[in-house]
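Survey of secondary and tertiary structure
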Amino acid sequence: MLDKTLSELGKRGERPTLLLHACCAPCSSYVLEYLSKYFKITLFFYNPNISPEAEYNTRLCELERFVKDAGLAVEVDILPSKYEPERFFEIAKGFEDAPEGGERCERCFSLRLEESAIAAKNGGFDYFTTTLSISPHKNAELLAKIGEDMSKKYGVKYLYSDFKKKGGYLRSCKLSEQYGLYRQAFCGCIYSKLESERIKR
């Protein structure tokens, strides 16, 4: 679906606006390299799941550094949101022990994509989407379903994507190495961090 959308935009010579939800610099690297050829992009850094706040700030700073240094096809703006960990803990309540990729993660995706859709609507963007699908640990079909639901709810087109395909994830790893990006070992929340630490033992 993404290829079809990009092909149609290319034929029409259009460069629409895109609000791109970004979780971190490594996941954003390839996505920005790829999509900046087709869209005017604003990165939306809304991730209340990230703990602690120092980790949140580190990821935001790395994202800003990559955008500054990467030499992308177009200028990319960054729209950081207020740090609201209480919102994540509210939706995660009762699902603290859910496995990574389970119900807690689905609720977290919904929270972040809904805020992205709201920001896209308020900002008059043509499309919104997320970098999350580049991760081999994220279910692109689930993200697309949530994105579609939010698109219908708020009246902004969702850009369907699975950025891990066509070597996207491997390219993000190479770009992370090239720019010396901080690459965290867990998704972001305290529960994923604990699970990551358990696996390492």
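Structure's up top.
The paragraphs below set out a description of the structure included in this document. All of these numbers come straight from a predicted model, not from anything done at the bench. Every chain is numbered independently, its residues counted from 1 as its sequence is written. It should be noted that, the model being predicted, local features are given only for residues of pLDDT at least 70 and side-chain atom pairs only at 80 or more, the latter also being counted only at that level, while totals for whole chains, interfaces and linings use all residues. Excluded from the side-chain calculation are hydrogens and water; included are all heavy atoms of the structure.

Attention shifts here to the pattern of salt bridges. Salt bridge criterion: a side-chain nitrogen from Lys or Arg within 4 Å of a carboxyl oxygen from Asp or Glu. With the rule as written, the count across this model stands at 13 salt bridges. The salt bridge involving K164 is made with D162; its shortest N-O contact spans 2.9 Å. Per-residue accessibility, obtained with a 1.4 Å probe over protein chains only, is compared with the maximum for each type, and a residue is labelled buried under 20%, exposed over 50%, and partly exposed between these values. Owing to a relative accessible area of 22%, K164 belongs among the partly exposed residues under this scheme. Using a relative accessible area of 23% as the deciding quantity, one classes D162 as partly exposed.

Before going further, it helps to spend a moment on the sheet that holds strand β2 (residues 40–45). For two strands to be treated as a pair, DSSP must find at least two bridges joining them. Helix and strand assignments come from DSSP, with helices taken as H or I runs of at least 4 residues and strands as E runs of at least 2, each series counted from the N terminus. The parallel open sheet is built from 5 strands, whose spatial order is β3-β2-β1-β4-β5. Two strands close off the open sheet at either side, each with one partner strand: β3 (77–80) and β5 (157–158). Strand direction decides the pairing type here: strand β4 (residues 127–130) and β5, joined by 2 bridges, are parallel. The residue bridging F128 from the neighbouring strand is Y158, located in β5. Contacts are assigned to residue pairs that have any heavy atoms within 4.5 Å of one another. Only the contacting stretch of a helix is used when fitting its axis, a line to C-alpha atoms as for every element, and angles between N-to-C directions run 0 to 180 degrees. With respect to the sheet, helix α3 (residues 53–69) is in contact with β2 and β3, its orientation differing from that of β2 by roughly 165°.

Let us now look at helix α7 (residues 168–178). Along an α-helix, residues three or four apart share an orientation, since each turn contains 3.6 residues. Within α7 the residues assigned to the buried category are G168, S172, L175 and S176. Along the long axis of α7, the arc covered by the buried residues comes to 105°, so they all point the same way. The outward face of α7, more than 90 degrees from its buried face, is lined by the exposed residues L170, K174, E177 and Q178. In this structure, the buried side of α7 is in contact with α2 (25–35). Backbone geometry just after α7 places G180 at a positive phi near 60°. Within this analysis, the arc is defined by the directions that extend from the helix axis to the C-beta atoms.

Now for the pairing of β2. Among the 6 residues in β2, 5 count as buried, and that is most of the element. Taken together, the 5 bridges between strand β1 (residues 17–21) and β2 define a ladder with parallel strand orientation. Across the sheet, H21 pairs through a bridge with F44, a residue of β2. Note on handedness: a clockwise path from strand one over the helix to strand two, with the strands aimed away from the viewer, defines a right-handed crossover. Between β1 and its parallel partner β2, the chain crosses via α2, and the hand of that crossover is right-handed. Bridge count between β2 and β3: 4 bridges; the pairing is parallel.

Assignment of secondary structure puts T129 in strand β4. By relative accessible area, which is 0% here, T129 ends up buried. Side-chain polar atoms of T129 contact the backbone oxygen of L159, separated by 2.8 Å. With sequence-adjacent residues up to four places away left out, T129 is seen in contact with L18, L19, L20, H21, Y158, L159 and S161. In the analysis that follows, any N or O atom pair within 3.5 Å is treated as a polar contact, provided that within protein one partner can donate a hydrogen and the other can accept it, and provided that, for residues neighboring in sequence, both atoms belong to side chains.

Omega for the bond connecting S51 with P52 falls within 30 degrees of zero, at -5°, which places this linkage in the cis form. Residue placement: P52 occurs in the loop between β2 and α3. At K166, a residue that is not glycine, the phi angle is positive and equals roughly 55°. Relative to the helices and strands, K166 is located in the loop between β5 and α7.

This paragraph deals with a nonpolar patch on the surface. Put simply, a patch holds well-exposed residues, over 30% relative accessible area, that have no salt bridge, with like charges counted together within 9 Å and Val, Leu, Ile, Met, Phe, Trp or Tyr side chains within 5 Å. Working definition of accessibility: Shrake-Rupley area with a 1.4 Å probe, residue cover restricted to the visible protein chains. Together, F89, I190 and L194 give the surface a local cluster of nonpolar side chains, amounting to about 220 Å² of exposed area. By the secondary structure assignment, I190 is in helix α8 (residues 190–200).

To define a nonpolar core, start from buried Ala, Val, Leu, Ile, Met, Phe, Trp, Tyr and Cys residues and group those joined through side-chain atoms within 4.5 Å. Ranked by size, the top nonpolar core spans 62 residues in total, and within it L18, L32, L35, F39, I41, L43 and F128 carry the most contacts. Here this core takes 8 residues from helix α5 (residues 103–123), the largest share from any one element.

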